[in-house]
Amino acid sequence: MRRVTIVLCLAALITSSCGGNELPTRFATTLQDRVATIRRAAEEGRPGDARSRLNQLVALVTSRLDQGRIDEGRALQILGSADTVAIQLSLLPRPSPTEAPSPSPVEQEGKDKGKGKGEDKGHGND
């Protein structure tokens, strides 16, 4: 269910990033491509990757806004949608780390041989 919500939020992000004539076509295409990679990562159960890519998208939009290359209203729409997506991504369960099997103990030949506890030290017939 959460993934469906995320997909809907991403759809809103796409709509806000490419609607109207306010964005240059090339930049709108870049945003659409980035949103698609975020969606794909979320659908594949890689929320960390999706968050990272979302952060990159936010940085790109913020940079363009600071440079005056994107309208403030449009940027705020995109950033607002990105915030919603970030909240939804934070609700996804994090994948459990896979544990590597413990290495097998390695016997060291010749070392400490015959010096273990309880072994006869060769004191003769006591």
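Residues numbered from 1 in each chain as written. Predicted model: local features only at pLDDT ≥ 70, side-chain atom pairs only at ≥ 80, totals over all residues. Heavy atoms only, no water.

### Overview of the overall build of the chain
Phase 1 of the analysis: Check the secondary structure of the chain and you find four helices and zero strands.
Phase 2 of the analysis: Along the chain, helices (α) and strands (β) appear in the sequence α-α-α-α when read from the amino end.
Phase 3 of the analysis: The 126 residues of the chain split such that 27% are buried.
Phase 4 of the analysis: Nonlocal contacts in the chain, meaning residues at least 24 apart in sequence, comprise 67% of its contacts between residues at least 6 apart.
Phase 5 of the analysis: A total of about 9000 Å² of accessible surface is found on the chain, and carbon and sulfur atoms cover 50% of it. (Helix = DSSP H or I, 4+ residues; strand = E, 2+ residues; numbered from the N terminus. Buried < 20%, exposed > 50% of the residue type's maximum accessible area, 1.4 Å probe, protein only. Contact = heavy atoms within 4.5 Å. Areas by Shrake-Rupley, 256 points an atom, 1.4 Å probe, with all protein chains shown as cover.)

### As for the pattern of salt bridges
Phase 1 of the analysis: In this structure the tally under the stated criterion is four salt bridges.
Phase 2 of the analysis: For Asp 49, the salt bridge is made with Arg 53, and the minimal N-O distance between the two is 3.2 Å. On the criterion of helical spacing, the pair formed by Asp 49 and Arg 53 is a turn pair, its members being four residues apart in helix α3 (residues 47-66).
Phase 3 of the analysis: When salt bridges with common partners are traced through the structure, they connect Glu 44, Arg 46, Asp 49 and Arg 53 into a single cluster. (Salt bridge = Lys/Arg side-chain N within 4 Å of Asp/Glu carboxyl O.)

### Some thoughts on the environment of Asp 71
Phase 1 of the analysis: As for its placement among the helices and strands, Asp 71 is situated in the loop between α3 and α4 (72-91).
Phase 2 of the analysis: In this structure the C-alpha to C-alpha distance between Asp 71 and Leu 23, which are 48 residues apart in sequence, comes to 7.9 Å.
Phase 3 of the analysis: Looking at Asp 71, its side chain comes within polar contact range of the main-chain nitrogen of Arg 74, at 3.2 Å. (Polar contact = N/O pair within 3.5 Å; in protein donor to acceptor, adjacent residues only side chain to side chain.)

### Quick look at the packing of α3 against α4
Phase 1 of the analysis: Between α3 and α4, the shortest axis-to-axis distance is 10 Å and the interhelical angle comes to 165°. Between α3 and α4, the angle is such that the two are roughly antiparallel. For the pair α3 and α4, the sense of crossing is left-handed. Contacts between α3 and α4 involve Pro 47, Ala 50, Arg 51, Leu 54, Leu 57, Val 58, Val 61, Thr 62 and Leu 65 from the former and Glu 72, Ala 75, Ile 78, Leu 79, Ala 82, Val 85, Ala 86, Leu 89 and Ser 90 from the latter.
Phase 2 of the analysis: Across the contact of α3 with α4, the residue classes break down as 14 nonpolar, two polar and two charged. (Axes fitted to C-alpha atoms, helices over the stretch in contact; angles between N-to-C directions. Parallel < 35°, antiparallel > 145°, perpendicular 65-115°, else oblique. Left-handed = near helix turned anticlockwise from the far one by under 90°. Nonpolar A, V, L, I, M, F, W, Y, C, P; charged D, E, K, R; others polar.)

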